[in-house]
Amino acid sequence: MTPSTQLERKTKTRLVVAVIAFGVVLIALLFIFTGNRSAGVDESRNRGQAEEAQVAAEELDIKNMSREEIEEGQINANRAAISGKPVSGKVTERPDYVSRVEWEVFQNVVRNQPGDDDAQLTALVNKILFYKKKEAWETAGTGTDQRARLGRELRDMLPYMKEGGHIHPDEAKRLESALYNDLGR
Amino acid sequence: MGKKFCISSLASIITGALLVASVILSSGCDFTDSDSSDLGFMPAMSGTEAGIVLDAGDIEFYTVPSSLPSGDHGDIIKYREAEVNIPGAPSVNAWNVMYYSTDSLGVPNIVTGTVIVPTKLWSLFSNRPIIAYAIGTHGLCQTCAPSVQMKAGLDYESENLAQILNQNYAVVITDNPGYTIDAIPTYMSGKAQGHSLLDMVTAAGKLSPANLSKNAKVAIWGYSQGGQTASFAGELQPAYAPDINLVGVAAGGVPADFFAVAPYLDGKNGSAFLLSTVIGLWSQYPEGIPLPDLANAEGMAAIAEARTMCVFEALFTYMNTPLSTFVTGNTPFEELVAIPSVNETLDAQTLGRSPIEVPVFMYHGTSDEFIELEQCLKLKERYCDLGVNTTFMVFAGEHITTQFQASPYVLNWIAQRLDGDEAIGTCGNPGWRPQTTANPPEGDFIVSLNAWALDAVVHLKTLMQRVTLPSTSTFTCDNNMTTKKLTGNMEVPEFKANINVILPLQVKMIITGVGDSPLTGDVNLDENGILHVHGHMMTDIRIQSITMLGIPIGTYVHTKDPVDFPIDFDGPISALGSGKLTFTGTTRFSSMTGNWLFNGLFTSLMSGSGQTFEFTVSPPSPILW
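Residues numbered from 1 in each chain as written. Chains lettered and ligands numbered in written order. Predicted model: local features only at pLDDT ≥ 70, side-chain atom pairs only at ≥ 80, totals over all residues. Heavy atoms only, no water.

Description of the overall build of chain B
Secondary structure assignment for chain B yields 18 helices and 24 strands. Counting all 625 residues of chain B, 61% fall into the buried class. A sequence separation of at least 24 residues applies to 74% of the contacts in chain B between residues at least 6 apart. Looking at chain B as shown, the accessible area adds up to about 21,600 Å², and 53% of this sits on carbon and sulfur atoms. (Helix = DSSP H or I, 4+ residues; strand = E, 2+ residues; numbered from the N terminus. Buried < 20%, exposed > 50% of the residue type's maximum accessible area, 1.4 Å probe, protein only. Contact = heavy atoms within 4.5 Å. Areas by Shrake-Rupley, 256 points an atom, 1.4 Å probe, with all protein chains shown as cover.)

This is how it looks when you write it as structure tokens:
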């Protein structure tokens with residue numbers, strides 16, 4: 001091999017490497033700049049998790065749920081909340097007062113949060129139970145046993161909700177007052 | 001260069017002026033501590049009316065030496081290294097300078113000022129440009145002088161100065177005539193101010209440690225009083241300081257015609273500026289404005305008091321007070337103007353009778369409540385008629401905000417002049433004329449922000465997601481500086497938000513204010529020009545439609561109780577116009593209601609404490625006229 005051929009090959013190799021490097025940079029730039037930067041949720045941080053979420057949804061086959069199935073699931077879960085009990089410790093399976101859609105949402109939310117996933121899932125489950133019970137209490141007939149029972153359960157859960165910052169202070173005050181009127185001391 | 005003058009003539013001028021002052025004024029500006037009150041015939045000082053106490057070194061510096069060297073205007077009498085505190089500025093070296101200048105009557109006077117030079121190297125191949133910055137109204141007390149205010153870190157024009165310095169330009173700032181110890185500012189005396197600015201540039205070129213070239217390109221920039229100074233300096237420069245390499249003059253909010261400006265101030269929000277003008281013009285033209293003959297007892301007291309105040313304190317103290325209050329027989333302003341010497345004195349402050357030989361950039365806020373818009377438009381037309389290459393920019397702002405709204409545009413225009421680009425100008429008939437949109441100049445002093453751009457982000461804690469409001473969102477408020485009450489609203493168009501984290505879920509969100517005035521609170525502009533805003537923006541957050549997995553699943557949910565966004569700001573008034581008016585905080589969302597099926601889910605995800613937000617309010621874009 002003559003020195004000139006060697007030089008030619010080296011030059012070609014450098015050219016190929018340069019082209020590949022340029023291509024990589026170009027792809028990276030395209031990847032960076034094609035993100036949606038319009039108004040709305042800034043999902044750049046969460047794009048990976050969003051894709052994971054989609055995969056998880058597919059795994060659970062809820063993607064194929066019809067509107068009627070979604071709504072029926074919500075109705076059943078909301079009704080189940082009337083007699084549902086708060087959870088403590090790690091929640092390993094979906095309580096019946098949490099719909100499949102809600103469960104999937106919660107799973108993905110805690111996956112996206114830093115810190116203790118189990119504790120966060122527990123908090124979300126108890127929070128949704130509280131608010132479902134509260135809605136049921138608000139719509140229950142005045143003076144009914146169901147309203148009284150729900151009222152007592154809400155009163156028991158209220159300190160937990162307040163301590164965790166899960167309820168607006170004004171809303172908590174109003175609820176306390178209403179529960180007092182309903183239940184007395 | 002100008003005429004030479006000797007120590008004795010100068011001393012007699014100063015002595016004469018001070019004697020008049022001592023007769024007429026019952027008290028003086030307090031700029032010293034209680035131990036240094038014995039300043040000749042001036043009354044004893046007490047307290048710190050203008051908020052700043054000069055130390056011994058300052059008193060020595062601002063005192064005109066008893067023995068003066070002879071010199072020309074622009075020659076340095078003395079200088080010292082200066083301390084300047086300009087938030088946001090780069091590292092700088094600074095010097096206070098005392099130099100010779102010339103008053104409006106052609107008589108030599110002595111002025112102080114500051115030269116500030118960034119420590120960053122400029123270029124080996126060109127001279128560092130100099131911006132001659134003409135300050136707006138600062139107040140009649142000696143401690144209101146910009147050199148004093150900058151040392152204290154209180155100068156309300158710091159934002160503009162920081163922007164200049166961040167361009168790596170040098171900036172020179174005259175204190176204006178009358179801020180040496182025991183002197184009386186010749187406020188709004190146009191020629192004196194113009195001379196002092198031009199001489200400040202000349203003095204800076206002679207200040208060895210500043211290392212500025214006498215051939216450096218110079219641009220002049222000023223707003224309000226500074227707009228008057230800048231314009232006069234531009235008109236005077238060809239004859240008075242032809243050696244200055246002037247490339248452009250930027251002048252905003254210019255009081256160009258006192259016969260139009262004064263009625264707009266008299267008895268209105270800007271009354272303090274008129275009172276100060278009377279004092280300043282008397283100081284320069286004691287025969288033209290015969291104050292001892294005109295002022296009643298209340299006037300005497302007001303004159304003495306006004307001299308102890310800086311601009312914001314004076315603004316509120318004399319707001320809506322007619323000048324006739326201070327005049328013997330309560331003579332109305334129109335009769336005072338009819339006095340020949342008064343008329344002649346005011347007329348001498350009229351701009352636009354001489355051309356400016358370099359391009360001029362003028363600007364004004366259509367909501368200006370202090371300096372009438374129309375007389376400034378006429379100045380542009382006079383300059384155009386004189387062949388001056390004039391550009392006029394109109395801002396949707398009131399007087400104070402416009403000063404800082406305009407800064408980036410002014411600096412951009414100046415940069416083009418320094419680069420040698422040709423100025424296109426906006427002379428000629430544009431087919432329309434800017435109209436005032438100012439709040440009534442009398443009554444309460446209200447600073448309005450009408451549909452200013454709102455750049456807002458809310459961080460949803462549980463979802464760990466940032467919701468960015470649409471770029472077309474707006475913020476409107478009235479800052480009633482008289483009642484100190486804040487009212488307003490924000491308009492956020494309906495927008496789509498992809499909450500991808502929880503499923504392929506798309507929601508349309510609407511954020512609306514609650515009630516007639518969702519924004520309420522307190523607002524206060526303190527004596528140092530610091531704006532204090534503390535209020536609450538009450539809003540409903542609605543999720544207008546929900547599409548889950550591509551399936552529309554419901555009508556909407558919304559917050560059960562209004563969301564309270566605390567609106568808190570404590571910072572310089574310049575933030576109102578500079579796009580740095582930012583409210584950050586934490587709020588709580590109540591439970592969500594409106595859709596029995598999904599209330600629980602959205603409440604779990606969105607309600608509770610720890611929701612953070614950041615709202616930034618910035619002004620609308622200007623237009624050329």
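Further notes follow.
Notes on the packing of helix 4 (residues 100-112) of chain A against helix 18 (residues 599-606) of chain B
It is the contact of helix 4 of chain A with helix 18 of chain B, at a shortest axis distance of 11 Å, that shows an interaxial angle of 10 degrees. Between helix 4 of chain A and helix 18 of chain B, the crossing angle belongs to the class labelled roughly parallel. Where helix 4 of chain A abuts helix 18 of chain B, its residues A:E102, A:V105, A:F106 and A:V109 lie against B:L601, B:S604 and B:L605. Residue composition of the contact of helix 4 of chain A with helix 18 of chain B, by class: five nonpolar, one polar and one charged. (Axes fitted to C-alpha atoms, helices over the stretch in contact; angles between N-to-C directions. Parallel < 35°, antiparallel > 145°, perpendicular 65-115°, else oblique. Nonpolar A, V, L, I, M, F, W, Y, C, P; charged D, E, K, R; others polar.)

As for the pairing of strand 10 (residues 446-460) of chain B
Residues and elements named next belong to chain B. With six bridges connecting them, strand 10 and strand 12 (residues 474-480) associate as antiparallel partners. Looking at strand 12, one finds that W452 is bridged to F475. Judged from the seven bridges that link them, strand 10 and strand 23 (residues 608-618) form a sheet pairing that is antiparallel. Residue A453 lies in a different strand from strand 23, and its bridge partner there is S618. (Pairing = 2+ DSSP bridges.)

Focus on helix 14 (residues 373-385) of chain B
Along an α-helix, a turn takes 3.6 residues, which lines up residues three or four apart on a common side. Residue and element names in this part refer to chain B. Relative to the 18 Å expected for 13 residues at 1.5 Å per residue, helix 14 spans 19 Å between its end C-alpha atoms, a close match to the ideal helical length. Listing the buried residues of helix 14 in full gives L373, Q375, C376, L377, L379, K380, Y383 and C384. Its buried side turned inward, helix 14 meets helix 6 (225-240), helix 7 (258-265), strand 8 (360-365) and strand 9 (390-395). Immediately downstream of helix 14, the backbone of G387 shows phi near 85 degrees, a positive value. (Expected span 1.5 Å × (residues − 1).)

Looking at the nonpolar core
Membership of the largest hydrophobic core comes to 131 residues, with the highest contact counts inside it found for A:F106 and B:F615. Examining the composition of this core, we find that nine residues originate from one element, helix 5 (residues 117-139) of chain A, more than from any other. In this structure, this core is formed jointly by two domains, domain 1 (7-36 + 47-418) and domain 2 (446-624) of chain B, each of which donates at least three residues. For B:F615, the contacting residues outside a window of four places in its chain are B:L454, B:D455, B:A456, B:V458, B:M490, B:F565, B:I567, B:L581, B:T582 and B:F583. Counting 49 residues, the second largest nonpolar core, distinct from the first, contains B:V111, B:V115, B:V117 and B:C376. (Core = buried A, V, L, I, M, F, W, Y, C linked by side-chain atoms within 4.5 Å. Domains from an automatic or database assignment.)

A closer look at the state of the cysteines
All names here are of chain B. On inspection of all chains with the given rule, the structure shows two disulfides over all chains. Covalent S-S linkage joins C144 and C310, the inter-sulfur distance amounting to 2.1 Å. Residues C144 and C310 are joined by a disulfide whose S-S torsion is about -105 degrees; by sign, that bridge is left-handed. Separated by 166 residues along the polypeptide, C144 in the loop between strand 4 (130-134) and helix 3 (146-152) and C310 in the loop between helix 10 (297-306) and helix 11 (311-317) bring together distant segments of the chain. Disulfide pairing is shown between C384 and C427; the S-S distance is 1.9 Å. Residues C384 and C427 are joined by a disulfide whose S-S torsion is about -85 degrees; by sign, that bridge is left-handed. Pair noted here: C384 is in helix 14 and C427 is in the loop between helix 16 (407-418) and strand 10, with a separation of 43 residues, a long-range link. By relative accessible area, C427 is classed as partly exposed at 37%. (Disulfide = S-S within 2.5 Å.)

Details of the sheet that holds strand 8 of chain B
All names here are of chain B. The mixed open sheet is built from ten strands, whose spatial order is 1-2-3-5-4-6-7-8-9-24. Each end of this open sheet is capped by a strand with a single partner; those strands are strand 1 (76-81) and strand 24 (623-624). Where strand 3 (residues 108-118) and strand 5 (residues 170-174) come together, four bridges link them in antiparallel fashion. Bridged to V115 within strand 5 is V172. Along the sheet, helix 4 (residues 158-166) makes contact with strand 2 (92-102), strand 3, strand 4, strand 5 and strand 6 (217-223), crossing strand 5 at roughly 150 degrees. The sheet contacts of helix 14 involve strand 8 and strand 9, and relative to strand 8 the element is tilted by about 165 degrees.

As for the confidence of the model for chain A
Residue and element names in this part refer to chain A. Overall, the prediction assigns chain A a mean pLDDT of 78, with 66% of residues at 70 or greater. Of all helices and strands in chain A, the one with the weakest mean pLDDT is strand 1 (residues 40-42) (45), whereas helix 6 (residues 145-163) scores best (95). Of the regions scoring below 50 in pLDDT, residues 31-47 engages in 25 contacts with residues more than four places distant in sequence or in other chains. (pLDDT = per-residue confidence, 0-100.)

Side note on the packing of aromatic side chains
All names here are of chain B. Across all of its chains, the model carries 20 aromatic pairs over all chains by this definition. Residues F61 and Y62 carry aromatic rings whose centres are separated by 5.3 Å and whose planes lie at 90 degrees to one another, so their mutual orientation is edge-to-face. Note on accessibility: F61 and Y62 belong to one class, buried. Taking the centre distance of 5.1 Å and the plane angle of 55 degrees together, the rings of F565 and F615 count as tilted. With F565 in strand 20 (residues 563-572) and F615 in strand 23, this residue pair connects regions lying 50 residues apart in the sequence. Cation over ring: R417 sits above W413, and NZ or CZ is 4.8 Å from the ring centre. (Phe/Tyr/Trp six-rings, centres within 6.5 Å; stacked < 30°, edge-to-face > 60°. Lys NZ or Arg CZ within 6 Å of the ring centre and 35° of its normal.)

Some words on the packing of helix 3 (residues 67-81) of chain A against helix 5 of chain A
All names here are of chain A. Viewed as axis vectors pointing N to C, helix 3 and helix 5 meet at an angle of 85 degrees, and their least axial separation amounts to 8 Å. Compared by their axis directions, helix 3 and helix 5 come out roughly perpendicular. Contact residues: helix 3 offers A77, N78 and A81, while helix 5 offers L129, K132 and K133. Its residues placed into classes, the contact of helix 3 with helix 5 shows three nonpolar, one polar and two charged.

A few points about the environment of B:I173
Residues and elements named next belong to chain B. One can find I173 in strand 5. A relative accessible area of 1% places I173 in the buried class. Along the chain, I173 and V115 lie 58 residues apart, while their C-alpha atoms are 6.5 Å from each other. Those residues in contact with I173, other than ones at most four positions away along the chain, are G113, T114, I116, Y133, I135, P146, M150, L161 and M200.

Side note on the pairing of strand 17 (residues 530-548) of chain B
Residue and element names in this part refer to chain B. Sheet topology places strand 16 (residues 519-525) next to strand 17; seven bridges connect them, and they run antiparallel. By the bridge assignment for strand 17, N524 is matched with H532. In this antiparallel pair of consecutive strands, strand 16 and strand 17, the connection spans four residues, and G529 shows a positive phi of 80 degrees. Summarising the sheet, strand 17 and strand 20 pair through ten bridges and their orientation is antiparallel. The residue of strand 20 that forms the bridge with M537 is F565.

Let's talk about the side chain of B:D103
All names here are of chain B. Checked against the element boundaries, D103 lands in the loop between strand 2 and strand 3. Take D103: its relative accessible area is 11%, and that puts it in the buried class. A distance of 2.8 Å separates a polar side-chain atom of D103 from the backbone nitrogen of L105. Among the polar contacts listed, one links the side chain of D103 to the side chain of Q284, at a separation of 3.1 Å. Excluding anything up to four places from it in sequence, D103 contacts N109, A192, H195 and Q284. (Polar contact = N/O pair within 3.5 Å; in protein donor to acceptor, adjacent residues only side chain to side chain.)

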